Amino acid sequence: MTRIQLTVDGARVADDVEPRMLLVQYLRERLGKTGTVVGCDTSNCGACTVHLDGTSVKSCNVLAVQADGCEVTTIEGLAPEGGLHPVQEAFRECHGLQCGFCTPGMVMQSAALLKENPSPSEEEIRLGLEGNLCRCTGYHNIVRAVQQAAGASTGSSSDATSQEQEVTA
Ligand code: FES
Ligand code: FES
């Protein structure tokens, strides 16, 4: 077991984990962050996308121990409490989802994309989302949603309430 300390959605966490445990497993199985989903076992779909120190990563492709000392934001911590992040609001307004399975990853990737490039072209949006797959093939409205969110504030959830959380093995 390896001791890790990190911040997840504004809460500080200390835990002992198997070195082989994936970050997505840690988030879902140890912290109950089931908003981050697993859509494949090949690192292809992007459904598990979270922000690691502000950069989007596929959390099935990162070990929990690699997040030691980092700040992780999941779909559950993206928006201020009680509200929607501008990207979530745009997905809702543009009907940027069908079954919704890809949506957490799409929203997290879109938010990271807009943070880097607040005014992307349609081509830049499609390129920025190429690592995220929608099995309902709802890409058109997803791109529209990102276009709508462009220009709005896309900062991540630094407003999330900080709290100490000790999780023991
Ligand atoms: Fe991580 Fe598919 S579950 S890329
Ligand atoms: Fe169903 Fe994208 S909305 S997978």
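Caption draft 1: Seen up close, the packing of aromatic side chains. Under the definition given, this model contains 0 aromatic pairs. Sitting above the plane of the phenylalanine 101 ring, arginine 135 keeps its charged end 4.6 Å from the centroid.

Caption draft 2: A look at helix 2 (residues 86-93). Those residues of helix 2 that fall on the buried side of the exposure criterion are Val87, Gln88, Ala90 and Phe91. Along the axis of helix 2, the buried residues cluster in a sector spanning 160 degrees; they form a single face. Tucked into the core, helix 2 has its buried residues touching helix 3 (103-116) and helix 5 (139-149). Following helix 2 by one or two positions, histidine 95 adopts a phi angle in the positive range, close to 55 degrees.

Caption draft 3: Examining the pairing of strand 1 (residues 2-8) more closely. Inspection of the sheet shows strand 1 paired to strand 2 (residues 11-17) by 7 bridges, in the antiparallel sense. Bridged to threonine 7 within strand 2 is arginine 12. Hairpin connection from strand 1 to strand 2: 2 residues lie between these consecutive antiparallel strands, with aspartate 9 at a positive phi of about 50 degrees. Of the strand pairs in this sheet, strand 1 and strand 5 (residues 71-73) are connected by 2 bridges, and their pairing is parallel. Across the sheet, residue valine 8 finds its bridge partner in strand 5, namely valine 72.

Parameters and conventions
- Residues numbered from 1 in each chain as written.
- Chains lettered and ligands numbered in written order.
- Predicted model: local features only at pLDDT ≥ 70, side-chain atom pairs only at ≥ 80, totals over all residues.
- Heavy atoms only, no water.
- Phe/Tyr/Trp six-rings, centres within 6.5 Å; stacked < 30°, edge-to-face > 60°.
- Lys NZ or Arg CZ within 6 Å of the ring centre and 35° of its normal.
- Buried < 20%, exposed > 50% of the residue type's maximum accessible area, 1.4 Å probe, protein only.
- Helix = DSSP H or I, 4+ residues; strand = E, 2+ residues; numbered from the N terminus.
- Arc of directions from axis to C-beta.
- Contact = heavy atoms within 4.5 Å.
- Pairing = 2+ DSSP bridges.

Bear in mind that shape data such as this cannot, by itself, settle questions of function.
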